[in-house]
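Each chain is listed here by its residues.
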Amino acid sequence: MIVRWGLAELPAVLAELGIDQPLLVASERLAATNLGVHTAARWTEVPSDQVPAAAEHAGDGVIAVGGGSAIDLGKAISAEADVPVVSVPTTYSGAEWTTFYGIRDPERRMRGGGAGAHLGGVVYEPELTLSLPRAETVGTALNALAHSAEALYVEGHNPEADEHALTGARLIGEWLPHVVDAPQDLEGRTKLLEGAMHSGMALGGSMLALGHAIAQALGGRYGLPHGAMNALSLPAALRFNAELAPDAVRRFGEALGTDDPAAKVEELARLGGFECLRDFGVPEEELAEVAEAAAGRAGNQANPKPATSSEIHSLLQSIY
């Protein structure tokens, strides 16, 4: 995949991929961004059943500008139309590094998903993250941090992905508090985006594990922000995996500069106001059903040892 820094690089990336008539996928606000390229059409609607309709306008490629939802939509269109997608991330979600995607409706409820996106390139522009609110900054950065943590112990982990994971964790752990304190500091935003990039590369070279399985089950059922759910789920997953993969969890902690990585993640999560599930209106009496859904997800199955639904129920209660 082609990776470039600076929005001015977008035309060259498109040219290298042979994309002349791309479809722009972005929110109404971001669709007005001057990308320096001609787009044949644009799509700003949140689809639940409209991916085939959007794919009819895909031309010879897709440009996805935005966070995970926009990039996932771009990837879905890429798979449907069999054309490459170039992502311009405006958050730290890391969605640009995987070929799979989820599709939500306007109420943020999960309505399906798939795989098979053709990842052509990614262009990182830190200035596009300057307006990202605090909760989204912390949430998507913690999602990226979860990519790093899980890449270190997931089934199929490997040395190359490990190096990206550790680099991403170091940068996120160091620069996220700085960005929260000084959100308009471009150097801080750049370093945080660089960390998210490395975490995304770790994800692309490995897979997801237990923490993401729990976050996906919660977000898909209740329409809750994926980043916030990862911020709450990761510490519980780290504690579960500490005995199963002690070396990996230790290395993750060292990258964060701590011997208690779960507590450090909780500290970072509090920067975004993320402390417990009850704050998000999750009904306590439904935790067992959420646990059952999480147990069956691919991420849990790729954990060092898949957690049972009973074990996940206990983890959910610990963060409730």
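Read on for an overview of the structure. (Residues numbered from 1 in each chain as written. Predicted model: local features only at pLDDT ≥ 70, side-chain atom pairs only at ≥ 80, totals over all residues. Heavy atoms only, no water.)

1. Comments concerning the overall build of the protein chain
Inference 1: Across its full length, the protein chain carries 14 helices and 8 strands.
Inference 2: In terms of overall size, the protein chain behaves like a compact globule, its C-alpha atoms giving a radius of gyration of 19 Å where 320 residues would be expected to give roughly 20 Å.
Inference 3: Its C-alpha atoms put the protein chain at 50 × 40 × 35 Å along the principal axes.
Inference 4: Counting all 320 residues of the protein chain, 55% fall into the buried class.
Inference 5: Across the protein chain, the fraction of contacts at a sequence separation of at least 24, relative to all contacts at a separation of at least 6, is 72%.
Inference 6: As displayed, the protein chain offers around 12,600 Å² of accessible surface, 48% of which is attributable to carbon and sulfur atoms.
Inference 7: Averaging the coordinates of the 21 positive side-chain charges in the protein chain and doing the same for the 42 negative ones gives two points 4 Å apart. (Helix = DSSP H or I, 4+ residues; strand = E, 2+ residues; numbered from the N terminus. Rg over C-alpha atoms; globule rule 2.2 N^0.38 Å. Buried < 20%, exposed > 50% of the residue type's maximum accessible area, 1.4 Å probe, protein only. Contact = heavy atoms within 4.5 Å. Areas by Shrake-Rupley, 256 points an atom, 1.4 Å probe, with all protein chains shown as cover. Lys, Arg positive; Asp, Glu negative; His and termini not counted. Charge placed at Lys NZ, Arg CZ, Asp CG, Glu CD.)

2. Concerning the sheet that holds strand E1 (residues 2-5)
Inference 1: The sheet built from 6 strands is open, its strands ordered E1-E8-E5-E4-E2-E3 with parallel pairing. The open sheet terminates on both sides in strands that have one partner only, identified here as E1 and strand E3 (41-43). Strand-to-strand twist in this sheet, taken as the mean axis angle between neighbours without regard to direction, amounts to 20 degrees.
Inference 2: The pairing of strand E2 (residues 22-25) with E3 spans 3 bridges and is parallel. From the neighbouring strand, valine 25 faces E3, where its bridge partner is tryptophan 43.
Inference 3: The sheet strands contacting helix H1 (residues 10-17) are E1, strand E4 (61-66), strand E5 (84-89) and strand E8 (118-124), and the helix crosses E1 at an angle near 165 degrees. (Pairing = 2+ DSSP bridges. Axes fitted to C-alpha atoms, helices over the stretch in contact; angles between N-to-C directions.)

3. Remarks on helix H4 (residues 68-81)
Inference 1: Here H4 is 14 residues long and its end C-alpha atoms lie 20 Å apart, about the 20 Å a rise of 1.5 Å per residue gives.
Inference 2: The set of residues buried in H4 consists of Ala70, Ile71, Asp72, Leu73, Gly74, Lys75, Ala76, Ile77 and Ser78.
Inference 3: Where H4 ends, the next residue or the one after it, aspartate 82, has phi of about 60 degrees, a positive value. (Expected span 1.5 Å × (residues − 1).)

4. Looking at the nonpolar core
The nonpolar side chains of soluble globular proteins are, as a tendency, buried together.
Inference 1: Membership of the largest hydrophobic core comes to 70 residues, with the highest contact counts inside it found for Leu145, Leu176, Leu218, Phe252, Leu277, Ile312 and Leu316.
Inference 2: At 9 residues, helix H9 (residues 226-241) tops the list of elements feeding residues into this core.
Inference 3: Once you skip the residues sitting within four places of it in the chain, leucine 145 turns out to touch Ala169, Ile172, Leu234, Phe252, Leu256, Val265 and Leu268. (Core = buried A, V, L, I, M, F, W, Y, C linked by side-chain atoms within 4.5 Å.)

5. Quick notes on the side chain of serine 148
Inference 1: Residue position: serine 148 is located in helix H5 (residues 134-151).
Inference 2: Using a relative accessible area of 0% as the deciding quantity, one classes serine 148 as buried.
Inference 3: In this structure, serine 148 is in contact with His164, Ala165, Gly168, Ala169, Ser199 and Phe252, ignoring residues within four places of it in sequence.

6. What to know about the packing of H5 against helix H8 (residues 210-222)
Inference 1: The contact between H5 and H8 brings their axes to 9 Å, and the two run at 145 degrees. Along the contact surface, H5 presents Asn143, Ala146, His147 and Glu150, while H8 presents Leu210, Gly211 and His212.
Inference 2: The residue makeup of the contact of H5 with H8, split by class, is 2 nonpolar, 4 polar and 1 charged. (Nonpolar A, V, L, I, M, F, W, Y, C, P; charged D, E, K, R; others polar.)

7. Some remarks on H8
Every α-helical turn comprises 3.6 residues, leaving residues that sit three or four positions apart pointing alike.
Inference 1: Across its 13 residues, H8 extends 19 Å between first and last C-alpha, which sits within 8% of the 18 Å expected from 1.5 Å per residue.
Inference 2: For H8, the tally of buried residues reaches 10 of 13 residues, placing the bulk of the element in the interior.
Inference 3: Regarding H8, the residues found buried are Leu210, Gly211, His212, Ala213, Ile214, Ala215, Ala217, Leu218, Gly219 and Tyr222.
Inference 4: Downstream of H8 by one or two residues, glycine 223 has phi in the positive range, about 70 degrees.

8. A few points about the packing of aromatic side chains
Inference 1: What the rule picks out here adds up to 2 aromatic pairs.
Inference 2: A centroid spacing of 6.2 Å and a plane angle of 35 degrees characterise the contact between phenylalanine 274 and phenylalanine 280, whose relative ring orientation is tilted.
Inference 3: Exposure remark for phenylalanine 274: the relative accessible area of 7% places this residue in the buried category.
Inference 4: Taking the relative accessible area as the measure of exposure, phenylalanine 280 reaches 24% and is therefore partly exposed. (Phe/Tyr/Trp six-rings, centres within 6.5 Å; stacked < 30°, edge-to-face > 60°.)

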